[in-house]
Amino acid sequence: MDETYRGGGALSRFFRWLGKDLKEIGLSFAEGDWKTKLSFLIMGFGQLCRGQIVRGLSMLALEGGILFYFFDFGWGYLKDIVTLGTVETYKEGRRTVYGDNSFLILLYGLLTIVIVAALIFLWRVNVKQNREAEKRLKLGKRLPTNREDLASLFDKNFDKTLLALPVTGIFIFTVLPIIFMICIAFTNYDVTHQPPAKLFSWVGLSNFKELFGIGGEGFGNTFFYVLGWTLVWAFFATFLTYFLGMAVAIMINKKGIKLKKLWRTILVMTIAVPQFVSLLYVGKMFAADGLVNGLLLKWGWIQTAIPFWQNATYARILIILINLWIGIPYTMLIVTGLLMNIPAELYESARIDGANVFQTFRKITLPYMLFVTGPFLLTQFIGNLNNFNVIFLLNQGNPKSLSLAKNAGSTDLLVTWLYKMTINDSNYKIAAVIGIMVFLVTAVISLIVYNTMPSVKDEEGFQ
Amino acid sequence: MARRRKLGNAGIYCILILMSIVWLFPFVGLVLQSFRGESGGMVQYLVPKEFSWKNYQFLFGGESNFPRWYLNTLIIAIFVAVLQTVIIICVSYALSRMRFKGRRMLMNIWLVLGMFPGFLTMICLYFLLKQMGLTMSGAVPGLILISVASSGMGYYVCKGYFDTIPKSLDEAAIIDGATRAQILVQMIIPLSKPIIIYTALVAFMAPWCDYIFASYVAFGYEKGYNVAVAMTRWVWTNDYQGYFTRFCAGGILVAIPVTILFMCLQKYYVEGVTGGAVKG
């Protein structure tokens, strides 16, 4: 992480690197022989001439493939990316004549841009290979044979073999969709602009204005309301489970407590049982006509059913409590494993000095735990910001309220709201903006926490 | 002193017993409801008035596609568990044992990508799958593809474990003439059994809960559902009254094998989450 923090110099460093690299390319051309020079145009030519058939053929095939893709397919979409299409779909008599499809134009346009970037990168690698081969030959060394090239993919270059597939997968199914959705945030893609029947186009920052605008067209009130609850929820969900889970772990771990394994196994049940089963059932248990209300009524503790899910405050408290049911066992497992790492002598000497249970907890256990589980707390917090299952399976973000815009409910998190916006309203543009907001919140919190975390600042604190 | 400790322990036992009741109560309720003979939705009493097998009979009686859904989920879970584990091992080995240009950058980019909410890309992914013909009737391979494709980003726990294996072992093996690939297959993998089991277990359990994306991809083709989608629909439909006890029965059938598997491999799970929590 530290490399990214040198901030200000990064840009100038990049330009210095770029300048050096361009000079190197120029030198390769000026000093190179005709094989190298021709390789600037036909990638892999030099390698082929020098007998490195495997390298040469793969370069040539990649160049051919990418150029074919570009001219046969990519360019047709890329050229329209500025307008996202101009020809509307229309009806000619009974026949529908399809015009441009903005969705496809944006998606394949982006893909084409990235593939062209990949071609430039490969071209650079190709030039470098030629230059190096030439240098080696000049010094009288021999070039690696084809067999050696292939073998190196399982030895020296094994990282490339291992990472090729995962990186491609992440690129197509994560990077490209994310870039695409970020672009969507700047378009008017919603229920009235759905391809292929309708076009959508670039609208600049107007979606952001709509989301933040207070009064009038905007629904900033709702946004900040949902954001506020998301943060409150993540805070309680993380820290309550953390401290209570730690307490439970310490209780079970205490000397003289029998059946340790049994207690742990009972608690861990909530991790083992798929959440959609347990949470859906628990959600129904607290319904107005559900089991909990029924039992409370029968025992005479209440006179009328408690509207657990209809009242915003009750629903919020209940969700946090039910989350304890899911979360405590998880913390308990982790803390149990870590408790054994604390040197027993520390407790021993604290006991001799007359410290009671709470003092030893505060002075020994807690600082150690906070130090060791810092990263865990951060990931838990981030995970809770995006904790879709608990909210959605329990009560789908309800109760709804008339004071909230865009179908938001009182227990909706930003992600569940985003989900509703996508599925129920097809309001993709605002969903994309909310997604970007979630990213920003996550990134800012991560940065702040990361920079203040003791285990980062003071790595040897407990060693 | 001894008396005070005994008193304290008694208090702890009380708390633990109380907690156990709270923790097990929903599961007991679920089991009892699944055998409930009377129809209707959630009822206000715990023990059914009439016990019967009819909810289970319904699931396998050919009236619903439950066996098909179950099979779908099982297939997805097995494929995802195997493929995801392989990919995570590959990525972890490359990032932990090898030093190459752009390694730091790759890790930073993946870290940043992980901060975007998953649902953001849902429509785009759906569209990509649709182009490949992997929605509706192709939902099962489609869901496998999506789960596996981006799994490389979940390398943290596994890499953290690989990092603890001494590098001197690698160096010794290289001197003996082993290639990197041989080191991975013959040395690192056998040494990392616990973490591999953890990775596979987590990957296997996830598809059983996958509701969000699965419902989107399989929408409109009932035979392509997984159990979570199909049964969540039962609870949320208007006819929830008629299906609630059936949901409970199906839930039990889903929960039992997954829970047993989890309990058997619990040791490895604890090792994985503890290691993951500490190393981030």
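What counts as what
- Residues numbered from 1 in each chain as written.
- Chains lettered and ligands numbered in written order.
- Predicted model: local features only at pLDDT ≥ 70, side-chain atom pairs only at ≥ 80, totals over all residues.
- Helix = DSSP H or I, 4+ residues; strand = E, 2+ residues; numbered from the N terminus.
- Rg over C-alpha atoms; globule rule 2.2 N^0.38 Å.
- Buried ≥ 20, exposed ≤ 12 C-beta atoms within 10 Å, placed from the backbone.
- Contact = placed C-beta atoms within 7 Å.
- Axes fitted to C-alpha atoms, helices over the stretch in contact; angles between N-to-C directions.
- Parallel < 35°, antiparallel > 145°, perpendicular 65-115°, else oblique.
- Left-handed = near helix turned anticlockwise from the far one by under 90°.
- Nonpolar A, V, L, I, M, F, W, Y, C, P; charged D, E, K, R; others polar.
- Core = buried A, V, L, I, M, F, W, Y, C linked by C-beta atoms within 7 Å.
- Domains from an automatic or database assignment.
- pLDDT = per-residue confidence, 0-100.

Which residues make up the overall build of chain B, and what values go with them?
Across its full length, chain B holds 14 helices and zero strands. Its C-alpha atoms give chain B a radius of gyration of 24 Å, more than 25% over the compact-globule value 19 Å for 280 residues. Judged by the C-alpha coordinates and their principal axes, chain B covers about 75 × 75 × 30 Å. Here chain B holds 280 residues, and 44% of them are scored as buried. The contacts of chain B with a sequence gap of at least 6 include a subset with a gap of at least 24, amounting to 71%.

Go over the overall build of chain A, please, and point to the residues and values.
Along chain A, the regular secondary structure elements total 20 helices and two strands. Principal axes of the C-alpha set define a box for chain A whose edges measure 95 × 80 × 40 Å. Out of the 463 residues in chain A, the part that is buried amounts to 34%.

Please give an account of the packing of helix α18 (residues 414-423) of chain A against helix α19 (residues 428-452) of chain A that cites residues and values.
Residues and elements named next belong to chain A. One way to put it is that α18 packs onto α19 with a least axis distance of 8 Å and a crossing angle of 160°. Classified by the angle their axes make, α18 and α19 are roughly antiparallel. The interaxial crossing formed by α18 with α19 has left-handed handedness. Contacts between α18 and α19 pair L414, V415, W417, L418, M421 and T422 from the former with Y428, I430, A431, I434, G435, M437 and V438 from the latter. Residues that form the contact of α18 with α19 fall into these classes: eleven nonpolar, two polar and no charged.

Would you mind going over the nonpolar core in detail, with residue names and values included?
Generally speaking, a soluble globular protein has its nonpolar side chains buried in company with each other. If you look at the biggest cluster of nonpolar residues, it comprises 176 residues, and the most contacted ones within it are A:L414, A:L418, A:A432, A:I434, B:V91, B:V217 and B:A228. Broken down by element, the residue count for this core peaks at 15 residues, all from helix α3 (residues 66-97) of chain B. Summarising the domain contributions, this core has at least three residues from each of domain 1 (32-204) and domain 2 (220-457) of chain A. Every residue in contact with B:A228, bar those within four places of it in the chain, is listed here: A:F276, B:W208, B:C209, B:D210, B:Y211 and B:A214.

Before we move on, can you summarise the confidence of the model for chain A with the specific residues and values?
Residue and element names in this part refer to chain A. Overall, the prediction assigns chain A a mean pLDDT of 86, with 95% of residues at 70 or greater. No element of chain A has a lower mean pLDDT than helix α20 (residues 454-457), at 57, and none a higher one than helix α7 (residues 158-184), at 92. Ignoring residues within four places in sequence, the model shows residues 1-5, a span with pLDDT below 50, making two contacts including any to other chains.

Residue-level account of the interface of chain A and chain B, with values.
Contacts between the two partners involve 74 residues from chain A, matched on the other side by 68 residues from chain B. Sorting elements by how many residues they give to the side of chain A that touches chain B places α7(A) first, with 15 residues. A per-class count over the side of chain A that touches chain B returns 48 nonpolar, 20 polar and six charged.

Which residues make up the domain arrangement of chain A, and what values go with them?
Residues and elements named next belong to chain A. When the domains of chain A are assigned, the result is domain 1 (32-204) and domain 2 (220-457). Once you take the C-alpha centre of each, domain 1 and domain 2 turn out to be 44 Å apart. Its residues placed into classes, the side of domain 1 that touches domain 2 shows six nonpolar, three polar and one charged.

So what about the environment of A:E88? Which residues, and what values?
All names here are of chain A. Checked against the element boundaries, E88 lands in the loop between α4 (53-78) and β1 (90-92). E88 gets classed as exposed once you count the C-beta atoms within 10 Å, which come to 12. Sequence-wise, E88 and F223 are 135 residues apart; in three dimensions their C-alpha atoms are separated by 34 Å. Excluding residues within four positions of it along the chain, E88 makes contact with G99 and L199.

Provide a residue-level description of helix α11 (residues 275-285) of chain A, including the pertinent values.
Among the eleven residues in α11(A), ten count as buried, and that is most of the element. A:F276, A:V277, A:S278, A:L279, A:L280, A:Y281, A:V282, A:G283, A:K284 and A:M285 are the residues of α11(A) that are buried.

A description of the confidence of the model for chain B should follow, citing residues and the corresponding values.
The predicted structure's coordinates, where accompanied by low pLDDT, should not be read in detail. This prediction gives chain B a mean pLDDT of 88; 98% of its residues lie at or above 70. Here the complex is predicted with pTM 0.88, and the ipTM for its interfaces comes to 0.89.

Can you lay out unusual backbone geometry for me, pointing to particular residues and giving the numbers?
Residues and elements named next belong to chain A. Cis geometry is adopted by the peptide bond preceding P399, which originates at N398 and carries an omega value of 0°. Positive phi outside glycine occurs at Q396, with the angle close to 55°. Along the polypeptide, Q396 turns up in the loop between α17 (388-395) and α18. Exposure remark for Q396: the 18 C-beta atoms within 10 Å place this residue in the partly exposed category. One non-glycine residue with positive phi stands out, namely S426, at about 50°. Structurally, the position occupied by S426 is in the loop between α18 and α19.

A description of helix α12 (residues 291-298) of chain A should follow, citing residues and the corresponding values.
Residues of α12(A) that are buried: A:L291, A:V292 and A:N293. A:G300 lies just past α12(A) and shows a positive phi near 75°.

Could you give an account of the packing of α3(B) against helix α7 (residues 156-164) of chain B, naming the residues involved and the relevant values?
Residue and element names in this part refer to chain B. The contact between α3 and α7 brings their axes to 9 Å, and the two run at 45°. One element, α3, and the other, α7, form an angle in the oblique class. Read as a crossing pair, α3 and α7 show a hand that is right-handed. Counted together, I88, I89, S92, Y93, L95, S96 and R97 of α3 and C158, K159, F162 and D163 of α7 form the full contact between these two elements. Across the contact of α3 with α7, the residue classes break down as six nonpolar, two polar and three charged.

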